[in-house]
Amino acid sequence: MSVTPIRLFGDPVLHRPAAPVVDFDAELRRLVDDLTDTMQAAGGAGLAAPQIGVGLRVFTWYVDGEVGHLVNPDVAAVGEEVQDGPEGCLSIPDLRYDCRRHLHVVASGWNVHGDPVRVEGSELLARAIQHETDHLDGVLFVERLADADRAAALAEIQAAEWQGHGSYLPVVKVSPH
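First things first, this report covers the structure right here in the doc. All figures in this text were calculated on a predicted structure; none of them were measured in a lab. Every chain is numbered on its own, with residues counted from 1 as its sequence reads. Predicted model: local features are reported for residues with pLDDT of at least 70 only, side-chain atom pairs are reported and counted for 80 or more only, and whole-chain, interface and lining totals are derived from all residues. The side-chain figures draw on all heavy atoms in the structure; neither hydrogens nor water molecules are used.

Attention now moves to the environment of Leu 140. Only DSSP runs of H or I with at least four residues qualify as helices, and only runs of E with at least two residues qualify as strands; both kinds are numbered from the N terminus onward. With respect to the helices and strands, Leu 140 occurs in the loop between α2 (123-136) and α3 (147-159). A sequence separation of 51 residues divides Leu 140 from Cys 89, and the C-alpha atoms of the two residues are 8.4 Å apart. For Leu 140, the residues in contact, after removing those within four places along its chain, are Phe 9, Leu 14, His 15 and His 135. Any two residues whose heavy atoms approach within 4.5 Å are treated as being in contact.

Printed below as a string of structure tokens:
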């Protein structure tokens, strides 16, 4: 287990869809441990594998005191209610904008041992599940913002001190999965 550098906006791995996990082995368990440690050290509500340079469909979350993970998630909205609320991203430091998400979701997938898992979430957990699943699809939350907010967010990112000085290396970690 270790804290791993988080890839920042501009890293190509953040814009690529992640591959499904096919091997539920010790390497996957280490990945989930690394994701959990990194997420907690950074104070995040979730972290997806591409954010640490691993192109696999895995994410972790920490919401309301509960830590969890999901492998190869499939997410569906429950009902039509939506929520608008502040959202940020560990890959885009110090940026928060209101983003519209479904209020209730259900996610199914697997745990690190290959056992089926079903997670029902509302409010912050629903937001975290949708945000992290977007990462697995190569989508960043700024792409979901209203036009004016997206333009403002991109301008803020362009002017950010960290822009162009990312804590990532331009090499994507390759996994046998």
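Another aspect to go through is the side chain of Arg 57. Tracing the backbone shows Arg 57 in the loop between β1 (46-48) and β2 (58-63). For Arg 57, the side chain forms a polar contact with the main-chain oxygen of Leu 136, separated by 3.0 Å. Any pair of N or O atoms that falls within 3.5 Å is considered a polar contact. Within protein, one atom must be able to donate a hydrogen and the other to accept it, and sequence-neighbouring residues count only if both atoms are side-chain atoms. Engagement of the side chain of Arg 57 in a polar contact is seen with the side chain of Asp 137, the distance being 3.0 Å. With residues up to four places along the chain from it excluded, the contact list for Arg 57 reads Ala 18, Ala 19, Pro 20, Val 21, Leu 70, Val 71, Asn 72, Pro 73, Thr 133, Leu 136 and Asp 137.

Residues grouped as a nonpolar core are buried Ala, Val, Leu, Ile, Met, Phe, Trp, Tyr and Cys residues, joined through side-chain atoms within 4.5 Å. Note on classification: 1.4 Å probe, protein chains only; a residue is buried when its accessible area is under 20% of the maximum for its type, exposed when over 50%, partly exposed between these limits. Counting residues in each nonpolar core, the largest one holds 17 residues, and the members touching the most others are Ile 92, Leu 95, Phe 141 and Val 142. When residues of this core are traced back to their parent elements, those giving at least two are β5 (92-102) and α3. Residue contributions to this core peak at four residues, all from β5. With near-sequence residues (within four places) excluded, Leu 95 lies in contact with Glu 87, Gly 88, Cys 89, Phe 141, Val 142, Ala 153, Glu 156 and Ile 157. Judged by nonpolar contacts, the second largest core, of 15 residues, contains Leu 31, Leu 35, Ala 49 and Val 54.

Checked against the element boundaries, Gln 51 lands in the loop between β1 and β2. When its relative accessible area of 1% is taken as the criterion, Gln 51 is described as buried. Setting aside residues up to four positions removed in sequence, Gln 51 forms contacts with Pro 5, Ile 6, Arg 7, Leu 14, Cys 89, Leu 90, Ser 91, Glu 132 and His 135. A polar atom in the side chain of Gln 51 sits 3.0 Å from the side chain of Ser 91.

Estimated volume of the largest pocket: approximately 330 Å³. In this analysis, the protein atoms alone were mapped onto a 1 Å grid. Cavities are point sets where a 1.4 Å probe fits without being able to get out; pockets are open sets with protein on both sides within 12 Å along at least five of seven lines; lining residues have an atom within 4 Å of a point. As for the largest pocket, its lining consists of 21 residues, and the residues nearest its centre are Ala 45, Glu 87, Gly 88, Cys 89 and Arg 96. Looking at the lining of the largest pocket, the elements that each hand over two or more residues are β4 (82-89), β5 and α2. Take the lining of the largest pocket: its biggest share by element is six residues, from α2. Ten residues, namely Ala, Val, Leu, Ile, Met, Phe, Trp, Tyr, Cys and Pro, are considered nonpolar, four, namely Asp, Glu, Lys and Arg, are considered charged, and the remaining ones, Gly among them, are considered polar. For the lining of the largest pocket, a count of residues per class yields nine nonpolar, seven polar and five charged. Put simply, the second largest pocket is a space of about 200 Å³. Taken together, Val 75, Ala 76, Ala 77, Val 82, Arg 100, Arg 101, His 102, Val 105, Gln 130, Thr 133, Asp 134 and Arg 144 make up the full set of residues lining the second largest pocket. Listed by contribution, the elements that provide at least two residues to the lining of the second largest pocket are β3 (66-77), β5 and α2. Grid points are joined across faces, edges and corners, and a volume is the space filled by probe spheres set on the points.

Any carboxyl oxygen of Asp or Glu within 4 Å of a side-chain nitrogen of Lys or Arg constitutes a salt bridge here. The tally for this structure, following the rule as stated, stands at nine salt bridges. For the salt bridge of Arg 127 with Glu 87, the shortest nitrogen-to-oxygen distance reads 2.6 Å. Of this pair, Arg 127 sits in helix α2 while Glu 87 sits in strand β4; the two residues are 40 residues apart in sequence, bridging distant segments of the chain. Exposure class is identical for Arg 127 and Glu 87. Each is buried. Here Asp 134 ties to Arg 144 by a salt bridge, and the two come within 2.6 Å at their closest N and O atoms. Here the residue Asp 134 occupies a position in helix α2, and Arg 144 occupies one in the loop between α2 and α3, the gap between them amounting to 10 residues. Arg 144 sits in the partly exposed class, given a relative accessible area of 45%. One network of salt bridges, with partners in common, ties together Glu 87, Arg 101, Arg 127, Asp 134 and Arg 144.

Function-wise, these values are silent; they only describe arrangement.
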